[in-house]
Amino acid sequence: MNKDKNLLSSLKWIFAVSKRFALVDRTGRTAVTSKLSTLGICFGVMTLITVMSVMNGFQMSFVKSIIEISSSHLQVKSVPEEKKFDFLQECEQNSDILTVSPFYESRGLIASKRNFQAAVIVRGVNKDILDTDKGFAKELKIIKGSFDIEKNDSIVLGIGLADSLNVTVGSSVNLLAMSGSKDVSLISYDRNFIVTGIFESGSIDVNQAYAFINISAAQEKFGSNLDLTYGLKLKNYNDDFSVISSLKKVFPEIRIESWRSFNRSFFGALRIEKNILFFLVFLIFIVVGTNIYNGVRRLVFERKQEISILSALGGSKNEIKSIFIARGFISGFTGTLFGLVLGLLICVNMSSIFMFISNFMFYSEYLFTRIFSPQNASFVRQNPMYQVFASIPAQINFSEVVLICVFGILAPLIASWCASHNVLKMNVTEVLHDE
């Protein structure tokens, strides 16, 4: 109990003296350095939180579209015909699996009646997939027509693919050449489809390459020997390894591919891009830590007399050293707190902020043009990139925010600890004698 009281009293004394030093040092180079260091920590934390949240939202808009539309969380192939019912039963009983969607897929060349051609990935799916697969329905946005593949000659195209073919809803297209089984022709002019819908997703590659038809039409056009694939959606896509393990125990002959391996190169590039961006912005803390180190080191030499008096009055070297460490902690904590609040506010209001910047830039440019070149004022337009940035949802990751805040506090704390070592090198008797 006495030890706790002594520790509490010591901490009160340390922070009281540190606060007193801060009040005395309101002017001068040390005070300016301290304020700039706190601002540096604040803007560093704010920038990191904002940049990482925007990057998360930007990446997830791609990742979700790819996972939900093209790759699924798991793709299962080579399920024996006699075990297909048992496999579906096993998936239904597995609590980690949300939906199972069978499909056929083939790659080929699609052509329009206007002689426009493009490479295509044609996937045959159940006609009610929008009702059974909520993730698919959420990421695939129909912008023209409808997702109507009720008939065997109906097809739904991505917007990029439709633009490449110069077709719209009601146009006719032909699957000119395509991969399939041995009982279908490589090239045919009889695989005609009517475009019933055009969709858009968050992935350019999906928009540019994918088309959807009825699964029965896929069986007819792709051939009878094409392997049926099952797309599995999980409650948590990070549980893919455990689900693979459980399915493999019951059906060792099946082939399962996870979303991690299906898009390994793309997801790896996104991860590297995010890590490099994190490292570059993290350099802010290195610069701020260096400034705090120099500031505390200067403060130690400026306060030689006070340090000697405190030591003569009974203050231990470690307690006096803790005074300057507390100074760094307060700077780091204050800067991190304000940076956290500002960063979260920016992330929550990202769309409004970018639209405000867009309007501000537009009206400023318009006013300037109106004054100095009124004949060109009608040509001033808003920058569409701001609207693109405003449409990116900022996704705040709790663990990343905590890590950033820890770095924001540790950087000045470590710098102050290193700089306060000069206290231990002082000889109290010599300092007092010189004074």
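Thresholds applied
Residues numbered from 1 in each chain as written. Predicted model: local features only at pLDDT ≥ 70, side-chain atom pairs only at ≥ 80, totals over all residues. Heavy atoms only, no water. Helix = DSSP H or I, 4+ residues; strand = E, 2+ residues; numbered from the N terminus. Buried < 20%, exposed > 50% of the residue type's maximum accessible area, 1.4 Å probe, protein only. Contact = heavy atoms within 4.5 Å. Areas by Shrake-Rupley, 256 points an atom, 1.4 Å probe, with all protein chains shown as cover. Polar contact = N/O pair within 3.5 Å; in protein donor to acceptor, adjacent residues only side chain to side chain. Core = buried A, V, L, I, M, F, W, Y, C linked by side-chain atoms within 4.5 Å. Salt bridge = Lys/Arg side-chain N within 4 Å of Asp/Glu carboxyl O. Arc of directions from axis to C-beta. Phe/Tyr/Trp six-rings, centres within 6.5 Å; stacked < 30°, edge-to-face > 60°. Lys NZ or Arg CZ within 6 Å of the ring centre and 35° of its normal. Expected span 1.5 Å × (residues − 1). Patch = residues over 30% accessible without salt bridge, like charges linked within 9 Å, V, L, I, M, F, W, Y side chains within 5 Å.

Student: Please clarify how the overall build of the protein chain should be interpreted in this entry.
Tutor: Counting secondary structure elements, the protein chain contains 17 helices and 10 strands. In the protein chain, buried positions account for 44% of the 435 residues. Sequence separation of at least 24 residues holds for 80% of the intrachain contacts in the protein chain that already meet a minimum separation of 6. Approximately 23600 Å² of the protein chain is accessible, and the part contributed by carbon and sulfur atoms is 60%.

Student: Would you mind going over the side chain of glutamine 75 with me for this structure?
Tutor: Turning to its location among the elements, glutamine 75 is positioned in strand 1 (residues 74-77). For glutamine 75, a relative accessible area of 5% translates into the label buried. Here the side chain of glutamine 75 touches serine 70 through a polar contact of 3.4 Å, landing on its backbone oxygen. With sequence-adjacent residues up to four places away left out, glutamine 75 is seen in contact with Ser70, Phe103, Arg123, Thr229, Tyr230, Arg255, Ile256, Glu257 and Phe262.

Student: For this particular structure, what's the right way to read the nonpolar core?
Tutor: Across soluble globular proteins, nonpolar side chains show a tendency to be buried alongside one another. Ranked by size, the top nonpolar core spans 39 residues in total, and within it Phe87, Ile110, Ile155, Leu157 and Leu232 carry the most contacts. If you tally residues by element for this core, the top one is helix 8 (residues 215-222), at 4 residues. Apart from the residues lying within four places of it in its own chain, the contact partners of leucine 232 are Ser72, His73, Leu74, Val76, Phe87, Cys91, Ile97, Thr99, Val100 and Leu247. Formed by 17 residues, the second largest nonpolar core is a distinct cluster that contains Phe278, Val288, Ile292 and Val401.

Student: Is there a simple way to explain the pattern of salt bridges in this structure?
Tutor: Pairing is possible between side chains that carry opposite charge, provided their charged atoms lie close to one another. For the coordinates displayed, the defined rule picks out 8 salt bridges. Between arginine 123 and glutamate 105 there is a salt bridge, with its nearest N and O atoms 2.5 Å apart. Here glutamate 105 lies in strand 2 (residues 97-112) and arginine 123 lies in strand 3 (residues 117-125), a separation of 18 residues in the sequence. Its relative accessible area of 25% is what places glutamate 105 among the partly exposed residues. Among the ionic pairs, lysine 221 bridges to glutamate 220, the shortest N-O distance being 3.9 Å. A single network of salt bridges, built from pairs that share partners, joins Glu68, Asp133 and Lys233.

Student: Whenever I open this one, helix 3 (residues 84-93) confuses me. Can you help?
Tutor: Owing to its 3.6 residues per turn, the α-helix aligns residues three or four sequence positions apart on the same side. Here helix 3 has its buried residues at Lys84, Phe87 and Cys91. Angularly, the buried residues of helix 3 cover 60° about the axis, an arc narrow enough to put them on a single face. Among the exposed residues of helix 3, those pointing more than 90 degrees away from its buried face are Phe85, Glu92 and Gln93. The inward-facing, buried residues of helix 3 abut strand 1, strand 2, strand 9 (229-234) and helix 9 (240-250).

Student: Can you walk me through the packing of aromatic side chains in this structure?
Tutor: In this description, an aromatic ring pair is defined by two values, namely the gap between the centres and the angle between the planes. Applying the stated criterion across every chain yields a total of 12 aromatic pairs. With centroids separated by 5.2 Å and ring planes inclined at 55°, the aromatic side chains of phenylalanine 87 and tyrosine 230 adopt a geometry described as tilted. A residue pair is termed long-range when its members are at least 10 positions apart, and phenylalanine 87 in helix 3 and tyrosine 230 in strand 9 qualify at 143 residues. The same class applies to phenylalanine 87 as to tyrosine 230, namely buried. Feature note: the residues Phe136, Phe147, Phe199, Tyr210 and Phe212 constitute an aromatic cluster, connected by ring pairs. We note arginine 123 situated over the ring of phenylalanine 103; from NZ or CZ to the ring centre the distance is 4.0 Å.

Student: Would you take a moment to explain helix 14 (residues 350-372) for this structure?
Tutor: Its 23 residues give helix 14 an end-to-end C-alpha distance of 33 Å, which sits within 8% of 33 Å, the value for a rise of 1.5 Å per residue. Every buried residue of helix 14 is accounted for by Met350, Phe354, Ser358, Phe362 and Thr369.

Student: Can you walk me through unusual backbone geometry in this structure?
Tutor: If a residue is not glycine, its phi is most likely negative; likewise, a peptide bond is most likely trans. Notably, asparagine 115 is not glycine yet its phi reads approximately 70°, a positive angle. With respect to the helices and strands, asparagine 115 occurs in the loop between strand 2 and strand 3. Look at asparagine 166: it is not a glycine, yet its phi comes out positive at around 60°. Within the secondary structure, asparagine 166 is located in the loop between helix 6 (159-165) and strand 6 (172-178).

Student: What exactly am I supposed to notice about the environment of glycine 145 here?
Tutor: Assignment of secondary structure puts glycine 145 in strand 4 (residues 141-145). For glycine 145, a relative accessible area of 53% gives the class exposed. For the pair glycine 145 and isoleucine 198, spaced 53 residues apart in sequence, the C-alpha to C-alpha distance is 6.5 Å. For glycine 145, the residues in contact, after removing those within four places along its chain, are Val169, Thr196 and Gly197.

Student: Whenever I open this one, a nonpolar patch on the surface confuses me. Can you help?
Tutor: Judged by side-chain polarity, Phe329, Ile330, Phe333, Leu337, Phe338, Val341, Leu342 and Leu345 come together as a nonpolar surface patch covering roughly 690 Å² of accessible area. Within the secondary structure, leucine 345 sits in helix 13 (residues 317-348).

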